[in-house]
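# Close look at the chain arrangement
As a plain string of letters, each chain reads:
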Amino acid sequence: MRATPLPSLSPTEPTSPCVAAPAAAGEIPALYRYLQQAPDPRDPRGVRHPLGAVLALVCCGLLCGARHLAAIAEWGRNQSPALTTALGFTRSRTPATSTLHYLLQDLDWTALEALLREWALAVEASLGADTPLRREEALALDGKTLRGALKLGAEVTATVTALGHRLGLTAGASEVRDGNEIAAVERLLQNLVVAGKVVTLDALHTQRQTARLIGDRGGHYVMTVKGNQPELQEAIQELFRPAHARAQERRSVWETEQGHGRVENRWLLVLPVPETAPEALRTWPRAAQIFVVERQIWKKKQRRGQRELVYGITSLSSAQAGPADLLRLVRGHWRIETRSHYIRDVTFDEDASLVRTGRLPQVLALFRAVAISRFRADGVRNIAKETRRVAAQAWDCLRLLGIPTDY
């Protein structure tokens, strides 16, 4: 089965200037330079540790597998003076747990997220310079609850994250205020560079305003349609009934995957949106095609398999995305669960973190995502294994942050 590559989509969208010099093709931009640009919330009088050094310490601790602030502070105290000096510390002792706690809770989360978003954009540009396949430049948007913070009644207990399908880099994040994840997605889209890319979203974010915003910013969307949009779902289901789906317009793709004790068949059928479509579909912003994915799963020792139907809508035309492309995008969306959310919970123990003060939950969640992105930029597949390797070779943290060394 061969997929048809997508041509370039919309005109390129201007981006804000990076805070660091652009990296050469294939060279990972120095994360340390971006961390040094973070605004310091402290009164200059009595500052003992440079903010850039503290943020670098947090990154290094997470890269070495430290799961909580106490472990990060302990990691810093266990390092040699030469290493801590390279991080930017001017005193013999690195910050204690309480210092990290009080400093990080007061950080300007919005400014820090913008800096790290710029870094991710620079990494994508450096690693994608020789990659012409535009269909791989897709972003998956999804929300994640910080369960430990939720348990203790923190003010903000969830974030929405954008993850690149191709590299697995976290492209940006937005905090969820008052439990309104849909508004958080719209705020995130306002800051992301989506021109020429495809944004994939689950059924919760299949909203007219979201679809319109993505199109206005020069991107395309692939959305799952479920019961929260009943009229749209009914219109799509009606068009896929044999009486309405004309054979010459129907295109499909089928694939089989076997592993982990089960066999899964997937079949995607796609139709262009006809001019005579029901109003709920005709008036959907930039709707070009609709599709249905049928999944059939057989597990060992089961006599009958499980069958599931998922409907969807996209602004990609039939010339831009065939059935194989759409199936790849639908499947690629769930990488945000397997390549980001799962690792943050299992490897970095995010759900067990009980921090709740100020911006601390969001700041630590952001740094966990950055640590994963830095490993992904090196092509690392097993994050847990890599954290153990770096913990045994702590000086390698300097390379990962882009700090020049002589070792």
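Scroll up a little and you will see the structure.
Residues numbered from 1 in each chain as written. Predicted model: local features only at pLDDT ≥ 70, side-chain atom pairs only at ≥ 80, totals over all residues. Heavy atoms only, no water.

### Describing the sheet that holds strand S8 (residues 289–299)
- Here we have nine strands laid out as an open sheet, ordered S3-S2-S1-S4-S5-S9-S8-S7-S6, and mixed in their pairing. Across the chains shown, the open sheet's two edge strands, defined by having one partner strand only, are strand S3 (170–175) and strand S6 (251–259). Adjacent strand axes in the sheet meet at a mean angle of 20 degrees, parallel and antiparallel pairs treated alike.
- The sheet contact formed by strand S2 (residues 158–164) and S3 spans five bridges and is antiparallel. (Pairing = 2+ DSSP bridges. Helix = DSSP H or I, 4+ residues; strand = E, 2+ residues; numbered from the N terminus. Axes fitted to C-alpha atoms, helices over the stretch in contact; angles between N-to-C directions.)

### Looking at empty space enclosed by the protein
- Applying the stated rule across the entire model yields six cavities of 30 Å³ or more.
- When its volume is computed, the largest cavity comes out at roughly 110 Å³.
- Taken together, 15 residues make up the lining of the largest cavity; nearest its centre are Glu124, Glu137, Leu139, Gly164 and Leu167.
- Secondary structure elements with two or more residues in the lining of the largest cavity: helix H6 (109–127), strand S1 (138–145) and S3.
- Its residues assigned to classes, the lining of the largest cavity shows six nonpolar, four polar and five charged. (1 Å grid on protein atoms, 1.4 Å probe; cavity = no way out; pocket = protein on both sides within 12 Å on 5 of 7 lines; lining within 4 Å. Points joined across faces, edges and corners; volume = space filled by probe spheres on them. Nonpolar A, V, L, I, M, F, W, Y, C, P; charged D, E, K, R; others polar.)

### Quick word on the layout of surface pockets
- The volume enclosed by the largest pocket comes to roughly 580 Å³.
- In this structure, the largest pocket is lined by 20 residues; those nearest its centre are Glu257, Glu264, Arg266, Arg331 and Trp334.
- Listing elements by their share of the lining of the largest pocket, those giving two or more residues are S6, strand S7 (262–272), helix H12 (323–333) and helix H13 (335–346).
- Of the residues contributing to the lining of the largest pocket, the split by class is five nonpolar, five polar and 10 charged.

### Considering helix H10 (residues 230–239)
- The set of residues buried in H10 consists of Leu232, Gln233, Ala235, Ile236 and Leu239. Looking straight down H10, one finds that the buried residues subtend no more than 160 degrees of arc, so they occupy a single side. For H10, exposure combined with an orientation more than 90 degrees from the buried face picks out Glu231 and Glu234.
- Residues of H10 that are buried in the fold lie against strand S5 (220–225), S7, helix H11 (279–282), S8 and strand S9 (306–314). (Buried < 20%, exposed > 50% of the residue type's maximum accessible area, 1.4 Å probe, protein only. Arc of directions from axis to C-beta. Contact = heavy atoms within 4.5 Å.)

### Considerations on the packing of helix H2 (residues 51–63) against helix H3 (residues 69–77)
- It is the contact of H2 with H3, at a shortest axis distance of 9 Å, that shows an interaxial angle of 100 degrees. In this view, H2 runs roughly perpendicular relative to H3, as classed from their interaxial angle. Packed against H2, whose contacting residues are Leu57, Val58, Cys60, Gly61 and Leu62, the element H3 presents Ile72, Trp75 and Gly76 at the interface.
- Here the residues of the contact of H2 with H3 are counted per class, giving six nonpolar, two polar and no charged. (Parallel < 35°, antiparallel > 145°, perpendicular 65-115°, else oblique.)

### Side note on the environment of Glu231
- Inspection of the secondary structure assignment puts Glu231 in helix H10.
- Separated by 49 residues in sequence, Glu231 and Ala280 place their C-alpha atoms 6.1 Å apart.

### Notes on H13
- Look at H13: 15 Å from first C-alpha to last across 12 residues, which is about the 16 Å you get at 1.5 Å a residue.
- On the buried face of H13, the contacting elements are S1, S2, S3, H12, helix H14 (360–377) and helix H15 (383–392). (Expected span 1.5 Å × (residues − 1).)

### Observations concerning the pairing of S9
- In this sheet, S9 lies alongside S5 in antiparallel orientation, the contact comprising four bridges. Within the sheet, the bridge partner assigned to Met223 lies in S9 and is Ile313.
- Direction of pairing for S8 relative to S9: antiparallel, over a ladder of nine bridges. Opposite Val293, over in S9, you have Val310 as the bridge partner.

### A closer look at the pattern of salt bridges
- In the structure shown here, the tally under the stated rule is 27 salt bridges.
- Residues Asp351 and Lys144 are paired through a salt bridge, measuring 3.6 Å at the closest nitrogen-oxygen approach. In this pair, Asp351 is assigned in the loop between H13 and H14 and Lys144 in strand S1, connecting sequence segments 207 residues apart.
- Residue classification places Asp351 among the partly exposed positions, given a relative accessible area of 25%.
- When its relative accessible area of 7% is taken as the criterion, Lys144 is described as buried.
- Here Arg399 and Asp378 are joined by a salt bridge, their closest N and O atoms 3.3 Å apart. Placement of the pair is Arg399 in helix H16 (residues 396–401) and Asp378 in the loop between H14 and H15, with a sequence separation of 21 residues.
- By relative accessible area, Arg399 is classed as partly exposed at 37%. (Salt bridge = Lys/Arg side-chain N within 4 Å of Asp/Glu carboxyl O.)

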